[in-house]
Amino acid sequence: MSKLDLTVIVNGQPTTVTAEPEAQLGSIIPKALEQTGNVGQPPQNWELRDANGNVLDPARKIESFGFVSGIAIFLNLRAGIGG
Amino acid sequence: MVSQYVDPNVSAAKFEAEIEEFRRLETEYRRRGWFLVEATYPTVLVLMAAPQLKPPAVVTGVRFDYSNYDAEPPSVRLVDPFSGEPYLARELPTSLNRSVGMKQALALPGFPGGAVRLNQLQPLMQASSPDEIPFFCIAGVREYHEHPAHSGDSWELHRSSGAGRVVRLLDVIYRYGVEPIRTYNVQLVPQLAGFNAPEPPE
């Protein structure tokens, strides 16, 4: 299966990540963070969601989501510890 | 009013970049109920609506102050969408409750084990009294980093992660304050107004 271009919106900033369909979705997180210069927090502190706000499981294979090339997914920093 | 000590051109350029990125995805954000109604450096005002409600409701306004960004994080206040005045703690339409820890099962007579659970909540909007303007208590917010209880978690530890970016902060407010809303909370208070005897005997 050919590679997919995913548009990852990192805290509002779009970047394109090319990914292998057989790879886990979480594998795109470090690359998206590096491309957008978001280097201050480790990948596990970030969360992927689709356009409808559904949380995407980073452990699932990318091909299992049925993404088409160019689809936008959202990568946002978790709330962290508050209070 | 915060004094601007960072070169205003630098802060304003970073501010404009934030707004430009928001505008590029504005259609997407509007679907979630986010309306950017003011963006004049250093202030951003976004109204957050709940489109999942019928009829939809404007839940809150969110006002950012990006003075000295990003040497300092933005100030974030939940404000009345119509007047722009910051809510007092007792007026908040949402406390941005997050569920923390394990849901504790309660053993109550008449209920099967585990049927009743106590859900521990932590409000992300914090204040020491109901008459105080509450602050948004997460890293990336000026009021959080200025609070003496958070002196060990400085802004510099979060600055490079985008923690103070407008979309990131809106996303947290949306996730805890707007997205969980399912229905209106309607309270009906019946009052006894005497007896009803519609057909008195002749």
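The rules behind these values
Residues numbered from 1 in each chain as written. Chains lettered and ligands numbered in written order. Predicted model: local features only at pLDDT ≥ 70, side-chain atom pairs only at ≥ 80, totals over all residues. Heavy atoms only, no water. Helix = DSSP H or I, 4+ residues; strand = E, 2+ residues; numbered from the N terminus. Rg over C-alpha atoms; globule rule 2.2 N^0.38 Å. Buried < 20%, exposed > 50% of the residue type's maximum accessible area, 1.4 Å probe, protein only. Contact = heavy atoms within 4.5 Å. Areas by Shrake-Rupley, 256 points an atom, 1.4 Å probe, with all protein chains shown as cover. Lys, Arg positive; Asp, Glu negative; His and termini not counted. Charge placed at Lys NZ, Arg CZ, Asp CG, Glu CD. Expected span 1.5 Å × (residues − 1). Arc of directions from axis to C-beta. Polar contact = N/O pair within 3.5 Å; in protein donor to acceptor, adjacent residues only side chain to side chain. Pairing = 2+ DSSP bridges. 1 Å grid on protein atoms, 1.4 Å probe; cavity = no way out; pocket = protein on both sides within 12 Å on 5 of 7 lines; lining within 4 Å. Points joined across faces, edges and corners; volume = space filled by probe spheres on them. Nonpolar A, V, L, I, M, F, W, Y, C, P; charged D, E, K, R; others polar. Patch = residues over 30% accessible without salt bridge, like charges linked within 9 Å, V, L, I, M, F, W, Y side chains within 5 Å. Salt bridge = Lys/Arg side-chain N within 4 Å of Asp/Glu carboxyl O. Buried area = accessible area lost by both parts, 1.4 Å probe.

Visitor: Would you mind showing me how to read the overall build of chain B here?
Guide: A tally of helices and strands in chain B yields 4 helices and 10 strands. Ordered by position in the sequence, the α and β elements of chain B form the string α-α-β-β-β-β-β-β-β-β-β-β-α-α. Against the compact-globule benchmark of 17 Å for 202 residues, chain B has a radius of gyration of 22 Å, which places it well outside the compact range. When the backbone C-alpha atoms are referred to their principal axes, chain B occupies close to 90 × 45 × 35 Å. Across the 202 residues that make up chain B, the buried fraction comes to 44%. Here the analysis covers contacts within chain B between residues at least 6 apart in sequence; of these, 54% occur between residues at least 24 apart. Accessible surface computed for chain B: about 11700 Å², of which carbon and sulfur atoms make up 55%. Computed over 19 positive and 24 negative side-chain charges, the inter-centroid distance for chain B is 8 Å.

Visitor: Teacher, can you tell me more about helix H1 (residues 8–24) of chain B here?
Guide: For an α-helix, 3.6 residues make a turn, and residues three or four places apart therefore share a direction. Compared with the 24 Å implied by 1.5 Å per residue over 17 residues, the 24 Å span of H1 of chain B between its first and last C-alpha is a close match. Residues Ser-11, Phe-15, Glu-18, Ile-19, Glu-21 and Phe-22 of chain B constitute the buried set of H1 of chain B. The arc that holds the buried residues of H1 of chain B, viewed along the axis, is 160°, so those residues lie on one side. Among the exposed residues of H1 of chain B, those oriented more than 90 degrees off its buried face are Asn-9, Glu-20 and Arg-24 of chain B. Considering only its buried residues, H1 of chain B is in contact with strand E2 (13–19) of chain A together with helix H2 (26–32), strand E1 (34–40), strand E2 (43–50) and helix H4 (166–178) of chain B. Backbone nitrogen of Asn-9 of chain B and a side-chain oxygen of the N-cap are separated by 2.9 Å at the start of H1 of chain B; the cap is Asp-7 of chain B.

Visitor: Just checking my understanding: could you explain the pairing of strand E3 (residues 57–65) of chain B for this structure?
Guide: Regular strands place their side chains on alternate faces of the sheet. Residue and element names in this part refer to chain B. Of all 9 residues that make up E3, 7 are buried, and the element is covered over most of its length. Examined bridge by bridge, E2 and E3 share 8 bridges and lie antiparallel to one another. Directly across from Leu-47, in E3, lies its bridge partner Gly-61. Where E2 folds back on E3, the antiparallel hairpin that results is connected by 6 residues. Where E3 meets strand E4 (residues 75–79), 5 bridges bridge the pair, whose relative direction is antiparallel. Across the sheet, residue Asp-65 finds its bridge partner in E4, namely Ser-75.

Visitor: Please explain empty space enclosed by the protein as it appears in this structure.
Guide: Summary: where empty space remains is shown by rolling a probe the size of a single water molecule over the atoms. Inspection of every chain in the model, using the stated rule, returns 1 cavity of 30 Å³ or more. Here the largest cavity is characterised by a volume of approximately 50 Å³. Lining the largest cavity we find Arg-49, Asp-50, Gly-53, Phe-74 and Asn-76 of chain A together with Arg-32, Asp-171 and Tyr-174 of chain B. Where the lining of the largest cavity is concerned, the elements lending two or more residues are strand E4 (72–77) of chain A together with H4 of chain B. The residue inventory of the lining of the largest cavity, partitioned by class, reads 2 nonpolar, 2 polar and 4 charged.

Visitor: Whenever I open this one, a nonpolar patch on the surface confuses me. Can you help?
Guide: Residue and element names in this part refer to chain B. A surface patch of nonpolar side chains, about 360 Å² in accessible area, is lined by Tyr-184, Val-186 and Leu-188. The topology assignment puts Leu-188 in the segment after H4. Its relative accessible area of 73% is what places Leu-188 among the exposed residues.

Visitor: Explain the layout of surface pockets to me, please; I cannot follow it from the model alone.
Guide: Approximately 250 Å³ is the volume found for the largest pocket. Lining the largest pocket are 17 residues, with Gln-13 of chain A together with Glu-18, Tyr-69, Gly-162 and Arg-165 of chain B positioned closest to its centre. The leading source of residues in the lining of the largest pocket is H1 of chain B, at 4 residues. Considered class by class, the residues forming the lining of the largest pocket number 3 nonpolar, 8 polar and 6 charged.

Visitor: Even after reading the chapter, I still don't get the interface of chain A and chain B, so can you show me in this structure?
Guide: How big an interface is tends to be expressed through the accessible area that disappears when the partners come together. The interface is formed by 26 residues belonging to chain A together with 29 residues belonging to chain B. Here chain A meets chain B over a buried area of about 2100 Å², counting both sides, of which 43% is carbon and sulfur. Linking chain A with chain B are 2 salt bridges. Linking Glu-179 of chain B and Arg-49 of chain A is a salt bridge whose minimum nitrogen-to-oxygen distance equals 3.2 Å. Where chain A meets chain B, there are 9 residue pairs in polar contact (both at pLDDT 80 or more). Residue assignment for the side of chain A that touches chain B shows that the elements contributing at least two residues are strand E1 (4–10), E2, strand E3 (46–49) and E4 of chain A.

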